[in-house]
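# Commentary on secondary and tertiary structure
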Amino acid sequence: MGLLTQLVRGLVRGADRVSPFTSKRGPRSHNKGRGAKKLGVLTRNKKFLLVKEMVPEFVVPDLTGFKLRPYVSYRAAEGSEPPVTAKQLFDELVAPRIEKDVKDGTFDPNNLEKYGFEPTQEGKLFQLFPKNYVR
Amino acid sequence: MRLSALLSAARLRLPPGYRHGMWPPDSMAARLRNPPGQRRRKVFVEPVAKDDWKVFKGDTVQVLAGKDAGKQGLVTQVVQARNWVVVEGLNTHYRYVSRTAKYSGTYIASEAPLLLSQICLVDPEDRKPTEVEWRYTEEGERVRVSLRSGRILPVPPQPRQDGIVPEQWIGEWDGSGGWGDVAGDTGAECCPLARTDGPKDTSEEDALAKTYRPSLKTFEEEIMDAMGIVETRRAKKSYWY
């Protein structure tokens, strides 16, 4: 090894101080978690009570006959469609119904709930604002 | 592992005195000829900026000097680090291939690389050599313009880095059909399995099929309706700041 390489190696010798000290490093007695949330409550007798509502449960519909897979063939052309906006949803779903009702003369501006209008998000399981679901 | 080590592992980092050859840096030949720790005499190349590079694979160029001076050919390979351009069939020397103890081997012509100064780009309509410059069109697109006639030289479509040609991709392959001529093989052509969809690939028709039905329900609400899940409990009101 040349002189310059040896000098440079001397400058970078030593333990790794920069990377985080995770549970994968250190001696066997070093016990550290990785930030998992507690799924219950610790009672005064030091017994852990699991709360079933806190345990995540995956709800997956039946995927038999589902054609989409993780990767896409190279033959498919690149590109994607722009995301659907609220205006597009309104134009496709709600506007035709309102137009029909206006033509029939049954349009009632006080009863917009039948077109899907939600005056308040209280009481809903999946509220749109503030958004309380992941997707 | 150090973050810098992880980032550099994704991209191949070459040592400062690396001598480039005609082969890609991650091939066996390159690793044989450039073992780690090797230091060779430096090869001096005329510095050309990366965005000033004018010759690409698939271009027609004219050779100005050497054995095949005055001939035009297609560029098959470009090595920017050494200002090299390999033109198909020109500037060739002959070498033996598949020479064994019993068989003397066959002579094949192999092209030697040409420097940028020995090469000249060719006007597409004239088919005469011209000087070329990078300029911007009215729309703002960067194009190569021939200085003599002002015509635009379109950059030929560059092959993908992973070597896959989407036109040659077979897609679904049921295993039938011949494996083709073994003698004339170049990479993926010899093995049809290398260019078919795997078990985790969506086929082209399924990927491009439009099955979205717009609705005012969220994704979760639609799944709950489809599976018949009824949830009457509501989360307790909580506050965060």
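Given the structure is predicted, the values throughout are model-derived calculations rather than measurements. (Residues numbered from 1 in each chain as written. Chains lettered and ligands numbered in written order. Predicted model: local features only at pLDDT ≥ 70, side-chain atom pairs only at ≥ 80, totals over all residues. Heavy atoms only, no water.)

## Considerations on the side chain of A:D101
All names here are of chain A. Examined against the element boundaries, D101 turns out to sit in helix 2 (residues 86-104). With relative accessibility at 10%, the residue D101 sits in the buried group. A distance of 3.0 Å separates polar atoms of two side chains, one belonging to D101 and the other to K114. Those residues in contact with D101, other than ones at most four positions away along the chain, are T106, F107, K114 and Y115. (Helix = DSSP H or I, 4+ residues; strand = E, 2+ residues; numbered from the N terminus. Buried < 20%, exposed > 50% of the residue type's maximum accessible area, 1.4 Å probe, protein only. Polar contact = N/O pair within 3.5 Å; in protein donor to acceptor, adjacent residues only side chain to side chain. Contact = heavy atoms within 4.5 Å.)

## Observations concerning the UniProt feature "domain: KOW" (unreviewed entry) in chain B
The feature "domain: KOW" (unreviewed entry), as given by UniProt, occupies residues 54-81 of chain B in the numbering adopted here. The annotated region residues 54-81 of chain B carries 0% helix and 43% strand content, and the separation between its end C-alpha atoms amounts to 14 Å. (UniProt positions renumbered as here; feature names shortened; annotations may be inferred.)

## Here we look at the pattern of salt bridges
Residues and elements named next belong to chain B. Using the criterion set out here, one finds 16 salt bridges over all chains in the structure. Here K71 ties to D68 by a salt bridge, and the two come within 3.2 Å at their closest N and O atoms. Overall, K71 belongs to the partly exposed group, its relative accessible area being 42%. Between R151 and D123 there is a salt bridge, and its shortest N-O distance comes to 2.9 Å. Here R151 is found in the loop between strand 9 (142-146) and strand 10 (152-153), whereas its partner D123 is found in the loop between strand 7 (119-121) and strand 8 (132-136), with 28 residues between them in sequence. Here R151 falls in the partly exposed class, since its relative accessible area comes to 26%. If you follow the salt bridges from partner to partner, you end up with D123, E125, D126, R148 and R151 in one network. (Salt bridge = Lys/Arg side-chain N within 4 Å of Asp/Glu carboxyl O.)

## Concerning the confidence of the model for chain B
Averaged over all residues, the pLDDT of chain B equals 88, while 90% of them reach at least 70. At the level of chain-chain contacts, confidence expressed as ipTM amounts to 0.75, with global pTM at 0.68. (pLDDT = per-residue confidence, 0-100.)

## Here we look at the pairing of strand 2 (residues 72-79) of chain B
All names here are of chain B. Taken together, the three bridges between strand 1 (residues 60-63) and strand 2 define a ladder with antiparallel strand orientation. Within the sheet, the bridge partner assigned to T60 lies in strand 2 and is L74. Bridge count between strand 2 and strand 3 (residues 84-87): four bridges; the pairing is antiparallel. By the bridge assignment for strand 3, V75 is matched with V87. With antiparallel pairing between neighbouring strands as the criterion, strand 2 and strand 3 make up a hairpin whose turn holds four residues, including N83 at a positive phi of roughly 55°. (Pairing = 2+ DSSP bridges.)

## Considering the sheet that holds strand 8 of chain B
Residue and element names in this part refer to chain B. One open sheet accounts for three strands, arranged 8-9-10; its pairing is antiparallel. Edge positions in the sheet fall to strand 8 and strand 10, since each has one partner strand and no second. By the bridge criterion, five bridges tie strand 8 to strand 9 in an arrangement that is antiparallel. Among the inter-strand pairings, Y136 is bridged to a residue of strand 9, identified as R142.

## Points about unusual backbone geometry
Negative phi characterises most residues that are not glycine, and trans characterises most peptide bonds. The omega angle of the peptide bond from A:F129 to A:P130 is -5°, so this bond is cis rather than trans. Here the phi dihedral of B:N91 falls at roughly 55°; this positive angle occurs in a residue that is not glycine. Residue classification places B:N91 among the buried residues on the basis of a relative accessible area of 18%. The phi angle at B:S98 is positive, at roughly 50°, despite the residue not being glycine. Summarising the element assignment, B:S98 is placed in the loop between strand 4 (92-97) and strand 5 (106-111).

## Things to note about helix 4 (residues 219-227) of chain B
Residue and element names in this part refer to chain B. Among all positions of helix 4, only E220, I223 and M224 are buried. In an axial view of helix 4, the angular spread of the buried residues amounts to 100°, which keeps them on one side of the axis. Count one or two residues on from helix 4 and you reach G228, which has phi positive near 75°. (Arc of directions from axis to C-beta.)

## Topic: helix 2 of chain A
Residues and elements named next belong to chain A. With 19 residues, helix 2 extends 26 Å from end C-alpha to end C-alpha; this agrees with the ideal 27 Å at 1.5 Å per step. A bend of about 45° at V94 is the largest found in helix 2, and the proline P96 appears one to four places after it. L89, V94, A95, I98 and D101 are the residues of helix 2 that are buried. Following helix 2 by one or two positions, G105 has its phi on the positive side, about 90°. (Expected span 1.5 Å × (residues − 1). Bend = angle between axes of the 7 residues up to and from the residue.)

## Observations regarding the interface of chain A and chain B
Listed as interface residues are 34 residues of chain A and, on the opposing side, 36 residues of chain B. Buried area between chain A and chain B, both sides added, is near 3,100 Å², and the carbon and sulfur share of it is 60%. It is A:Y74, A:R75 and A:F126 in chain A that bury the most area against chain B; as a group they hold 23% of the surface buried on that side. Taken together, chain A and chain B are joined by three salt bridges. A salt bridge links B:R233 to A:E53; its shortest N-O distance comes to 3.1 Å. Inspection of the chain A/chain B interface yields twelve residue pairs in polar contact (both at pLDDT 80 or more). Counting only elements with at least two residues in the side of chain A that touches chain B, the list comes to strand 3 (71-72) and helix 2 of chain A. (Buried area = accessible area lost by both parts, 1.4 Å probe.)

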